[in-house]
There are 2 protein chains.
Amino acid sequence: MNALGQTKRNELIGRWQEIYDLAGIAALSSWDQTTYMPPGGGPVRARQIALLERLAHERRTDSAIGRLLDDLEPYAESLPADHDDVSMVRVMRKLYERAARIPTDFAAEFAEHTANTYMVWAAARPRNDFAAVRPGLQKTLEMSRQMAEFFPGHAHIADPLIDVADEGMTVATIRPLFEELRQALAPLVATIAQRPPVENDFLYRHYPKAQQIEFGEQIIRAFGYDFKRGRQDETHHPYMTKFAHDDVRITTRIDEQDLGNALFSTMHESGHALYELGIDAAYASTPLDTGASAGVHESQSRLWENIVGRSRRFWQHYYPALRAQFPAQLADVEWDAFYHAVNRVAPSLIRTEADEVTYNLHVIIRFGLELDLLEGKLTVDELPEAWHARYVENLGLRAPDDRDGVLQDVHWYGGPIGGSFQGYTLGNIMASQFYATALASHPTIEAEIGQGRFDTLHTWLRENIYRHGSKYTAQELLARVTGKPLTIEPYLAYLRTKYSDIYGPL
Amino acid sequence: MNALGQTKRNELIGRWQEIYDLAGIAALSSWDQTTYMPPGGGPVRARQIALLERLAHERRTDSAIGRLLDDLEPYAESLPADHDDVSMVRVMRKLYERAARIPTDFAAEFAEHTANTYMVWAAARPRNDFAAVRPGLQKTLEMSRQMAEFFPGHAHIADPLIDVADEGMTVATIRPLFEELRQALAPLVATIAQRPPVENDFLYRHYPKAQQIEFGEQIIRAFGYDFKRGRQDETHHPYMTKFAHDDVRITTRIDEQDLGNALFSTMHESGHALYELGIDAAYASTPLDTGASAGVHESQSRLWENIVGRSRRFWQHYYPALRAQFPAQLADVEWDAFYHAVNRVAPSLIRTEADEVTYNLHVIIRFGLELDLLEGKLTVDELPEAWHARYVENLGLRAPDDRDGVLQDVHWYGGPIGGSFQGYTLGNIMASQFYATALASHPTIEAEIGQGRFDTLHTWLRENIYRHGSKYTAQELLARVTGKPLTIEPYLAYLRTKYSDIYGPL
């Protein structure tokens, strides 16, 4: 049985390789669209992306894959539960069965629609022009609902969309978790608001682009990001993307009047990239050659960005180098003032620049809006004002325009509405669980960070999380690594400890 | 018949659009490979390119296209000979019948092989490491021969390969033409060698990259290159590439110790791009949406680079701007000295940097080597030394290494051996024929160039050449525009006049 099983497994992997390569080409096409493509290229690019999606979807839903999976069941059952091939079959079946519900025409049309909508958004956001994206967004909402309806029997219409990003999670599990978190964070935010504010205006001096890029890349090189297997380019909204096991790129945006913007976004995206680059080379081009879920992915981006990159020890070590890069701008700033500044807690308008304490409120607002849109409680026309209302309610702020309101994030303009945001907060929670476990087994990690060394941490993450790719589900991985299910306590403990140090006892 | 004909024509164009889009995606994949891709991406990129070629080739050779073409014959015959659809059917039939001879596996394997060989070459050239590319080149030679053998009945083994680039041309037509040209050029080169040499050392001062790029882009913008429909990036060996009718990009390489290198290569590639961008928008995504032949393409790149970009009037106008860009480097150089310098005639080692008089000798050397390799008169092992021997024989120079010898040009390392070079010289010849015709009908063109205005020339080229795409063959186009077949007289007259002005009567 095993020889036959392995033959069929190899056939399955061979078929998957073509899907993987088409996905890599599609990712390249989108990357170029969002980094270098001249405007003239837009319409045909959307058509090309649709064609690639059509070709990939035809292959993903090929009944030959279904037959191979059926043939492979006895083989998979004969193996130890922890065998790679068991996961390979499980993951492949999930992908096959999910894809098979979506008609190819729909998949291609949705890919073309979101590629076109992205182009409209990229031009509309600087002009604060919600009217320009409204029709596209309306269609995205309708198609997102349609997508969910391909999966009948869901408890909530968002569940099938959430499942794509965070398999096994549902509105029923996320909503109470987020509410628990919101109730725990609100008093923290309120207490900190009473404390003397931290000064951070020096972050908004003029920091030339080239030096910002150089410094950020110096840091992620130290984290372990390998520029032989990746690179960084500029875009409208930063992201990580993968064209192949050994070509994992990140993007950033630079604001010369805001030092933190690119710096922390670069660290964030490098965390995603370290995860993908750390997957076992034996999984290259297979269904396991990708992270376990959006949440686990965000746990890594947020870990490198915040737990490492905004830590006291990190800046004790790196501040002299930063000051050498920007001697005039930082002449009057001491390291601890800088450390405080990059951890300043205050309600703000932009999610990607929010501090760690208020960050999840931004996510919870978007998650709620997605549910309301999908449920039909909220229309696209009402969305800009609903956005403002939630910000006033949760953060006490109203954006002066849609540019920093509903047009702020790329997600709804480059993909479905639903399932796009919960991963960030799930990731914050998991990051603290993972990090606490790493620290428990390697107490030297923090001292090493204070010396600009990240190898013990990186190795631990690679061994325990990265190398597995999507062999384990997020829940399995979390249980396996930390011995616990998803729980917010380590995250709250981390926040309380860190911010008590900055703002006094909380 | 016409309604049915149009329906079938639309079906054919619809099928072609998918092939066109796959080709555009493949071009993007190669562009990224040669500009931004980190080394790790290489192997999977080659696999992706092979997959795209496989998918495109399957579609190009689909028997449904053959049936549509058969069905369309009566329709095409019912139309006036100059009707677009007549050309559409003719071009499509040519592409279909050519593709149908090549097995899909072969097409995909060759695409993967050349993509891999390119990566090896890009790393080997700076190291002067011919041994590294030798096995790949050997396989390229074998596959090029095999490719030719798919077209039995050829008079010379190179003919089918030449036909892909320059339809209708053969070794039998090119060899005597090149020999005639060589015999006319040799005494010109010899006479000029007796004249006092032109000084050009100031071209090799330090010219910082950013200013070089800025100046070159200023010039091609003035030519009419539209950065909303294109862009320029850096690569190892400059080229123009097309991802869609409105996304036509160029690449360049910068040498900070050589002002002419990027400057004239940028003008050269912009000429290719102006051609593609000038094709009638009604042909977008159809088989006519590409230039007529390699030769006609080179006629445009060489026209903008040399006839315009190295002309007396051009530099009379542009030199002050160039000097303003590089005030220190050019402080002691007057405009006419600069004009002379960029037209200095002297045997040299690098084709892309050669002057107009010796340039064709570089091409003729390569054309001869290709024939010898294909005929089996020369082995890949003997090639490096044969290269040197031909240079000594024709130009009196021997490169100090293979880097500037056989490793110099990308062509054999990124495509077939055969058909790669003749287009450059055919283009030089045609460029003079086209330009003389343009001047005859618009005598103000030269005065306008002296004012930095290129619209009359650009409009004439667009109206007479560019907009037709591949509606006409090169031969038809030349006859239609100039009223003459291919003839070297205008080219020789152009060279004699121009270089008599610089070196004294020739």
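In what follows, the structure referred to is the one given above.
Residues numbered from 1 in each chain as written. Chains lettered and ligands numbered in written order. Predicted model: local features only at pLDDT ≥ 70, side-chain atom pairs only at ≥ 80, totals over all residues.

Caption draft 1: A look at the overall build of chain A. Across its full length, chain A holds 21 helices and 3 strands. Taken along its principal axes, the extent of the C-alpha atoms in chain A is 70 × 50 × 45 Å. Of all 506 residues assigned to chain A, the portion counted as buried reaches 48%. For chain A, contacts bridging at least 24 residues in sequence account for 73% of all contacts bridging at least 6. (Helix = DSSP H or I, 4+ residues; strand = E, 2+ residues; numbered from the N terminus. Buried ≥ 20, exposed ≤ 12 C-beta atoms within 10 Å, placed from the backbone. Contact = placed C-beta atoms within 7 Å.)

Caption draft 2: Fine view of the sheet that holds strand β2 (residues 240–244) of chain A. Residues and elements named next belong to chain A. With mixed pairing, the 3 strands of this open sheet are ordered in space as β1-β3-β2. Looking along the sheet, the strands with just one partner apiece sit at the ends: β1 (232–234) and β2. Within this sheet the neighbouring strands show an average axis-to-axis angle of 30°, counted without direction. Here β1 runs beside strand β3 (residues 247–252); their pairing, made up of 3 bridges, is parallel. Directly across from Q232, in β3, lies its bridge partner I250. Most of the contacts of helix α1 (residues 2–35) go to β2, to which it runs at about 135°, and overall it touches β1, β2 and β3. (Pairing = 2+ DSSP bridges. Axes fitted to C-alpha atoms, helices over the stretch in contact; angles between N-to-C directions.)

Caption draft 3: Representation of the relation of the copies chain B and chain A. Structural alignment of chain B on chain A gives an RMSD of 0.0 Å, achieved by rotating through 180° and translating 0.0 Å along the axis. What the rotation and shift describe, once combined, is the action of a two-fold rotation axis. (Least-squares fit on C-alpha atoms with pLDDT ≥ 70 in both.)

Caption draft 4: Broad picture of the interface of chain B and chain A. Across the contact, 28 residues belong to chain B and 28 residues belong to chain A. Counting residues per element, the ones that place at least two in the side of chain B that touches chain A are α1 (2–35), α2 (42–60) and β2 (240–244) of chain B. The element best represented in the side of chain B that touches chain A is α1 of chain B, accounting for 7 residues. When the residues that make up the side of chain B that touches chain A are grouped by side-chain class, the tally is 13 nonpolar, 6 polar and 9 charged. (Nonpolar A, V, L, I, M, F, W, Y, C, P; charged D, E, K, R; others polar.)

Caption draft 5: Structural view of the nonpolar core. If you look at the biggest cluster of nonpolar residues, it comprises 284 residues, and the most contacted ones within it are L52 of chain A together with L52 of chain B. The contact partners of L52 of chain B, leaving out residues within four places of it in the chain, are I25 of chain A together with L22, I25, A26 and S29 of chain B. (Core = buried A, V, L, I, M, F, W, Y, C linked by C-beta atoms within 7 Å.)

Caption draft 6: Spotlight on the pairing of β3 of chain A. Residue and element names in this part refer to chain A. Where burial is concerned, most of β3 is hidden: 6 out of the 6 residues are buried. Neither face of β3 is left uncovered, since the one carrying D247, R249 and T251 and the one carrying V248, I250 and T252 both have all their residues buried. Pairing of β2 with β3 involves 4 bridges; the strand directions are antiparallel. For K242, the partnering residue across the bridge sits in β3 and is V248.

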